[in-house]
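Structure at a glance
In case you want the letters, here they are:
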Amino acid sequence: VSTQSTGRKASNKQPMSAARPLSLYRSLLRESAKMPYNVREYSLRTVRGRFRENRNVQDATLAAELLAEGERNLALLRRQAVISQLYVHDTVVVEQQNNEKST
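Procedures and definitions
- Residues numbered from 1 in each chain as written.
- Predicted model: local features only at pLDDT ≥ 70, side-chain atom pairs only at ≥ 80, totals over all residues.
- Heavy atoms only, no water.
- Salt bridge = Lys/Arg side-chain N within 4 Å of Asp/Glu carboxyl O.
- Helix = DSSP H or I, 4+ residues; strand = E, 2+ residues; numbered from the N terminus.
- Buried < 20%, exposed > 50% of the residue type's maximum accessible area, 1.4 Å probe, protein only.

**With respect to the pattern of salt bridges**
Inspection of every chain in the model, using the stated rule, returns five salt bridges. A salt bridge links Glu41 to Arg40, with the shortest nitrogen-to-oxygen separation between them at 3.9 Å. Salt-bridge contacts for Glu69 lead to Arg50; the nearest nitrogen and oxygen are separated by 3.0 Å. Residue Glu69 is found in helix 3 (residues 60-85), and its partner Arg50 is found in helix 2 (residues 37-53); the two are separated by 19 residues along the sequence. For Glu69, a relative accessible area of 15% translates into the label buried. Taking the relative accessible area as the measure of exposure, Arg50 reaches 10% and is therefore buried.

Below, the structure written as structure tokens:
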């Protein structure tokens, strides 16, 4: 998941529908949850941070670029999730402690 920030501010162009970014956000979170612990935590943090930092973007061109980047990252996460499911991973101590607390 890319962590580059555009640093550009929104212009006065029309805002896009919130449905597409929201759907992308949920899909990225869902795919991140399928990853092994370390990658999962990194992905979740990065996805949440990127969406937070770009939530007020109004420029349609910039929003389209960000959505395209998000779609590429989603495809990358999906490929990586499939690969990581092919191999058995031992749960790390942190995951074991979290599972014990939630039960």
